[in-house]
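Notes for the structure review
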Amino acid sequence: MRRLRQLAERTPATRERYVDLLRALAITMVVLGHWGVTVIGYDRAGRPAGHSALGDLPWAWPLTWVAQVIPVFFLVGGYANAASLAARRSRGGTATGWLVDRSARLARPTTALLVVLAAGAAVATLRGADPTQVRTVVWFATIPLWFLVAYLVVVPLTPPMYALHRRFGLAVPLVLVALVALGDLGRLLGPAGPASGNYLFGWLAVHQLGFAWYDSRVPARSGGEAAGPVAPEPRGLRRRRLPLSRRAGAALLGGGLAALLLLTVVGPYPVVLLNVPGERLDNAAPPSLALLAAATAQLGLILLLREPAQRWLRRPRPWQAVIAVNAVVLTVFLWHLTAAVLLVGLLDALGVLPTPPVGTAAWYAWRVPWLLSLAVVLAALVAVFGPIEARTRRAPDTGPAREGARRLRTALAVLGYAGLVTGLLLNSLTRKAAPEPLGLPAPALAAYLAGAGVLRLLRSGWGSRG
């Protein structure tokens, strides 16, 4: 508590605390959403199995318009990446140094998850467990990693995409939305191949709005919240910034909802914004126009609530709570389904695993003790693994390097990120029932660890001066 108070007291007056609150709330909603819709039963072999209840609860599909909060992650990620990149450059640092430093907060807790899961799977296999079943368990625990695949692609693109934003402003996300529309056209009418680009274009579009939000704070950083007179608005800033007024929020909320209704109720898109087997397409994988319309409405709601939220966050206790959650936010996200695996395994071993049918009174009644039990298990996991994330520190800025060393560091940083993405992508693409003694495909684990190793070596300062 003392450290939290100290961190809260040292928070600059100009910090956009609302961004931190949104990140914490989004993580909480993802965790509760995954836990809440999970259905546990037994397969034909008498082993516990899980699936989503959304296919059996069509009345809940409109709730996904609020519950699908992955766009919020990319929005606040865009803001945080722009802010940290600008701060790095203001200290004389480079984009490569920023990229290497940014990797630590993402890679360290992810590496811990993968190593622990692989070690546990290896022990289970050596003790005679079926490698197919081992893979199934690990596959379920690593579902959250699909989000990191997309985000780990967006992060290294931040320097060039922020440069495009500074040059062309809000025109950039508009072009990206148009590309998403072309991909959707292929999914609806064929061929579907071009829609794969939506994985990049859709999330980049939301990420760019985070840049615009950050740039909208430039006048406030020059004057406003900071001391001193208001500096002249930089030329071209108006086309780059995101209007933060309540009027703009109402317009975005109304326009986003109208577009979402037209696309889903009238148009060809499913109402549900999460994956439901049997629907004509998946709005989230890859992102569709319907998902971007929902993101627009969510952004409008965020802007409408911004002023009261900022006032609330000026109070010590709420802000300390937000700091505490953000210190382990990725750990919570990465381990929340592992908590479900552990709880199901324990209850099954004790012979007390409830499996009421979806939608029955017993199923709804079980939601409360189920969520509370999962919260206890996750709290224990965060207590063990959270310090890995919380103790990650920004690496010191390195001195100027020779041109050859600078280019080598840049190439290795990109190679390191490529290793992380390749490893996580291979795991996501490997089928759930594949016989994997380590639970993870060996090439995926090797690629990820190699990428993480390269980035760790660069972060230690190797090659910084050539």
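Up top is the structure these notes are about.
This write-up is about the structure you can find in this document. (Residues numbered from 1 in each chain as written. Predicted model: local features only at pLDDT ≥ 70, side-chain atom pairs only at ≥ 80, totals over all residues. Heavy atoms only, no water.)

Pairing geometry for strand β1 (residues 38–42) and strand β2 (residues 48–52), over five bridges, is antiparallel. Counterpart to Tyr42 in the pairing with β2 is Pro48. Between β1 and β2, which pair antiparallel and follow one another directly, the connecting turn spans five residues, one of which, Gly46, has a positive phi of 80°. (Pairing = 2+ DSSP bridges. Helix = DSSP H or I, 4+ residues; strand = E, 2+ residues; numbered from the N terminus.)

Here the focus is a nonpolar patch on the surface. A contiguous nonpolar patch, built from Val175, Leu179, Leu182, Leu185, Leu188 and Leu189 and spanning about 560 Å² of accessible area, is present on the exposed surface. Its place among the elements puts Leu179 in helix α9 (residues 171–189). (Patch = residues over 30% accessible without salt bridge, like charges linked within 9 Å, V, L, I, M, F, W, Y side chains within 5 Å. Areas by Shrake-Rupley, 256 points an atom, 1.4 Å probe, with all protein chains shown as cover. Salt bridge = Lys/Arg side-chain N within 4 Å of Asp/Glu carboxyl O.)

The next thing to look at is the packing of aromatic side chains. Within the structure shown, the criterion is met by 14 aromatic pairs. For the ring pair Tyr79 and Trp213, a centre distance of 5.6 Å and an interplane angle of 70° mean the geometry is edge-to-face. Remark: Trp213 occurs in helix α10 (residues 198–216) and Tyr79 occurs in helix α4 (residues 70–90); sequence separation between them is 134 residues. Exposure class is identical for Tyr79 and Trp213. Each is buried. (Phe/Tyr/Trp six-rings, centres within 6.5 Å; stacked < 30°, edge-to-face > 60°. Buried < 20%, exposed > 50% of the residue type's maximum accessible area, 1.4 Å probe, protein only.)

On to unusual backbone geometry, then. Looking along the chain, the bond that leaves Gly190 and enters Pro191 is cis, with omega of -5°. By the secondary structure assignment, Pro191 is in the loop between α9 and α10. Ala285 connects to Pro286 through a cis peptide bond whose omega is 5°.

Here we take up the nonpolar core. Ranked by internal contacts, the top residues of the largest apolar core, which has 112 residues, are Phe74, Leu148 and Trp213. Excluding residues within four positions of it along the chain, Trp213 makes contact with Glu16, Tyr18, Val19, Leu22, Leu75, Tyr79, Leu242, Leu244, Ile302 and Arg306. (Core = buried A, V, L, I, M, F, W, Y, C linked by side-chain atoms within 4.5 Å. Contact = heavy atoms within 4.5 Å.)

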